[in-house]
Amino acid sequence: MRKLLITIALFIACLHVGATPIDDLLERIDKGASRKFKVELKSADHDFFELDQQGQRVVVRGNSWVNIAVGINWYLKYYAGIHLTWNHMTAQLPKILPRVEKRERHDTPLTLRYAYNYCTFSYSMAFWDWERWQQEIDWLALHGVNMPLAIVGEECVWREMLLKLGYSEEQIGRFIAGPAFLAWWEMNNLEGWGGPLPRSWYDRQARLQRQILKRMKELGMHPVLPGYCGMMPSDYTNDKKVLWNGFTRPSNVPTTDPRFDEISKLYYDELTRLYGKADYYSMDPFHESSDDASIDYAEAGRKLMTAMKRVNPRATWVIQGWTENPRPEMIDALKPGDLLILDLFSECRPMYGAPSIWRRKDGYKQHQWLFCLLQNFGANVGLHGRMDQLLDNFYNVNQPTMKGIGFTMEGTENNPVMFELMSELPWRPQKFEKEQWVKGYVKARYGLPTTTDEKGKNADNTSHLSLLTSHLEDAWLLLARTIYNCPAGNNQQGPHESIFCGRPSQNNFQASSWSKMKNYYTPASTLEAARLFLEGVTPILANSDDSKAISPTGCERAAFDLVDITRQALADQARVQYQHTIADYKAFDIDAFRRDSQRFLEMLLLQDELLGTCREFRLGHWLEAAKRCGTTTEEQQLYEWNARVQITTWGNRYCADTGGLRDYAHKEWQGLLKDFYYPRWKTYFDALLAQMEAQLHPQPELLGGGPNANKTAAELFAMALPQEVVIDWYAMEEPWTKAHNIYSAEPEGNTLQVAQKIMKFLYGK
């Protein structure tokens, strides 16, 4: 028996000799998938992929592993009707793949394709393990990314560096932030918040980063490692402390400091020892800080570049094009080819020279740059996009210095339609109509209406499937014309924020402090889209004959989208309901206020019920991932606290209230709605009702009695005027961040049934 097992093992090992990274990727998508494709790596002087046929195998050629992965993704979408995205990175491929009847080739001159924002690593990736990272790296390859930001485990480099500089473990613990806030520590915005980190965290992250880098390099990617731009603990200097939204910022050691060369060399030595060298290093000096006349930005840029070049003379400095950065003086001082600028918000606030409130007349001058999609802020939940702006801005660029694209979202795992669209732009040389593209997206996402016959040829099933496709297309085309088409001139940051998620007041609009929301679509449009979508997916999700005609993969996507689109419609209708409720209050219509406030609260709880049917929209999905990182109860509680605080108060009382950070990373998630947002709204409505009811009766205290006996006439007069109720929101919120009640990640309830229940509620049936 033992000899037999050894023989089998050797046979399997022989099968893997010569296997490519793409074969491994295909096997992660579906066991046995690599046998259905033939992969051919070809040299070329520009990027390309090509689809072809050889017998029953689909041939995918390309000049790099990443470009071949793009070709596989293209084939899966447009031939096999399979859409791979964050929450669904596996699929059941047909036994015989649809044939490529005519060779198809795509070329692009845009050879640099970047991914991530520093914020992504905290808002989305803070607690990811290797299994989740494997899926992410596959997503990157399939969507053409060949230079991803890779900053997992940066804190390990800093710990080693600071120990060598003589800092104690306690001092380091007060400096390095906790898991959910590392991004803003890395960007020189805060220190210590959420820490101190235990030794086990450093060991875990260093190991994870090595796995990440190994896989990225196997696929031919060029990871972008974090460079050094002068950060040190705030007590490094005796300078006046600078605040960022209430947090004390770390010191920014000037490049003229006598120890700058020593410290920067030590940093790069430790970075290289732990993770190796890179061709790209990310640095954002003076991030979100006002201009300082005492700083020679040109010389600072040269010094930072020199320190980086000592590690790898061929390396390129990657910097974000965001607000003041990069400073014009720095741009002028650096050589072409040494600096690569991420135009971070190209779809809305381009800085490369296109019309924008952040427009730079001369753009980035001699330097190369990437056209980037920011799309999301704070990993907030909500449908949103700027399809026309994205297409117009991208295809209107006529600058040879534009070398590629970038995904620079603050949060991932949302709005897959926008990231799918963005990923295809480099491979589509001619501008196209979004409507036609959306129809292709629908067919790929749900596998409708094309099916495959026994010979692998495409065959249209024109029965009920065509009608279902029509409903789904109509829903998506409506979304593409409305909520996914935020127009030029609207500068809001990310999606319309859910009314449920903001601290209550008489003038609620945006939930966070800086979203810059402005209405651009009607609530009726998302309601109609939800109705159309529900009509289209009902036969699919109700286990009817139609559901058997598409793949399980398509059913999964349909269920997820039903939750997301219905969620958006309900949130938008709740915004209307809120206005009715406040109008009742201002009209002093107590009975109507009772009815309308109760209906609003019912809508909030319905939202919680809907989101509970889908794992990705459950709070437990986030909290359980956080706790799994801990090796002791104490560690698990620290990580859970980090996870809870980030999505609610964000900081302490001062940072949340005065600093304005509360609810920046709010989420429409099951559990959070019911246990965090619902109590806030219930408390507020109860206070307004109590105030109205009190005004029906004598209030002698307002005449100077009881607690107001020492008030002046002016003060009493002011008290007699209409008053907004005063509630200490932070006092309500903080206890929840410190709690340890369990939230399951496992779905509960039937998505279709809950969606139908909500639509009946909204239509008054």
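Quick summary incoming for the structure in this document. (Residues numbered from 1 in each chain as written. Predicted model: local features only at pLDDT ≥ 70, side-chain atom pairs only at ≥ 80, totals over all residues. Heavy atoms only, no water.)

## Some thoughts on the sheet that holds strand β13 (residues 316-321)
Sheet strands line up and pair through hydrogen bonds in the backbone, either parallel or antiparallel. One open sheet holds the eight strands; their spatial order is β6-β5-β16-β15-β14-β13-β12-β7, and the pairing between them is parallel. Since the sheet does not close on itself, it has two edges, and those belong to β6 (147-148) and β7 (224-226), each with one partner. Bridge count between strand β12 (residues 280-282) and β13: three bridges; the pairing is parallel. Bridge assignment links S282 to a residue of β13, and that residue is V318. (Pairing = 2+ DSSP bridges. Helix = DSSP H or I, 4+ residues; strand = E, 2+ residues; numbered from the N terminus.)

## Quick look at unusual backbone geometry
Both trends apply: most residues other than glycine have a negative phi, and most peptide bonds are in trans. Along the chain, G195 connects to P196 via a cis peptide bond; the corresponding omega equals -5 degrees. Checked against the element boundaries, P196 lands in the loop between α8 (182-186) and α9 (199-218). Geometrically, the link from N325 to P326 is a cis peptide bond, its omega value of -10 degrees lying close to zero. Relative to the elements of secondary structure, P326 occurs in the loop between β13 and α12 (328-333). A positive phi angle, near 45 degrees, is found at N415, a position not held by glycine. One can find N415 in the loop between β16 (402-407) and α14 (416-424). Taking relative accessible area as the criterion, N415 reaches 3% and is therefore assigned buried. The phi torsion at D663 lies on the positive side, around 65 degrees, for a residue other than glycine. You can see D663 is positioned in the loop between α22 (653-657) and α23 (672-694). (Buried < 20%, exposed > 50% of the residue type's maximum accessible area, 1.4 Å probe, protein only.)

## Concerning the environment of P495
When you line up the elements, P495 lands in the loop between α16 (464-481) and α17 (523-541). Considering only alpha carbons, one finds P495 and A379, 116 residues apart in sequence, at a separation of 9.8 Å. Aside from chain neighbours lying at most four places away, what touches P495 is N380, V381, G382, L383, H384 and M517. (Contact = heavy atoms within 4.5 Å.)

## Some details on the packing of helix α21 (residues 633-646) against helix α25 (residues 729-738)
Packed helix pairs are characterised by how far apart their axes lie and by the angle those axes make with each other. As a packed pair, α21 and α25 sit with axes 8 Å apart at the nearest point and diverge in direction by 145 degrees. Contacts between α21 and α25 involve W641, R644 and V645 from the first element and W736, T737 and K738 from the second. Of the residues in the contact of α21 with α25, the class split is three nonpolar, one polar and two charged. (Axes fitted to C-alpha atoms, helices over the stretch in contact; angles between N-to-C directions. Nonpolar A, V, L, I, M, F, W, Y, C, P; charged D, E, K, R; others polar.)

## Brief notes about the pairing of β13
Along any regular strand the residues' side chains alternate between the sheet's two faces. A large share of β13 lies buried, amounting to six of its six residues. Read from β12 through helix α11 (residues 297-311) to β13, the crossover connection turns out right-handed. Pairing of β13 with strand β14 (residues 339-343), which is carried by five bridges, proceeds in the parallel orientation. Bridge assignment links G321 to a residue of β14, and that residue is D343. Of the crossover connections in this fold, the one passing from β13 over α12 to the parallel β14 is right-handed. (Right-handed = clockwise from strand over helix to strand, strands pointing away.)

## Re the state of the cysteines
If you walk through the whole model with that rule in mind, you get zero disulfides. The thiol of C372 is not disulfide-bonded; the next cysteine sulfur, from C348, is found 14 Å away. (Disulfide = S-S within 2.5 Å.)

## Here we look at α9
Here α9 contains 20 residues, and its C-alpha end-to-end distance of 29 Å stays within 8% of the 28 Å for a straight helix at 1.5 Å per residue. Within α9, the full set of buried residues consists of W201, Y202, R204, Q205, A206, L208, Q209, I212, L213, R215 and M216. Looking at the residues trailing α9, positive phi occurs at G220, about 85 degrees. (Expected span 1.5 Å × (residues − 1).)

## Digging into the pattern of salt bridges
In total, this model carries 56 salt bridges according to the counting rule given. Here D52 ties to R103 by a salt bridge, and the two come within 3.0 Å at their closest N and O atoms. A residue pair is termed long-range when its members are at least 10 positions apart, and D52 in strand β2 (residues 47-54) and R103 in the loop between α3 (65-78) and β4 (104-108) qualify at 51 residues. Its relative accessible area of 12% is what places D52 among the buried residues. For R103, a relative accessible area of 52% translates into the label exposed. Of the charged contacts in the structure, one is a salt bridge between E609 and K757, with a shortest N-O distance of 3.0 Å. Highlighted residues: E609 in helix α19 (residues 590-611) and K757 in helix α26 (residues 751-762), separated in sequence by 148 residues. With a relative accessible area of 33%, E609 lands in the partly exposed category. (Salt bridge = Lys/Arg side-chain N within 4 Å of Asp/Glu carboxyl O.)

Interpretation in functional terms is not warranted from these geometric data alone.
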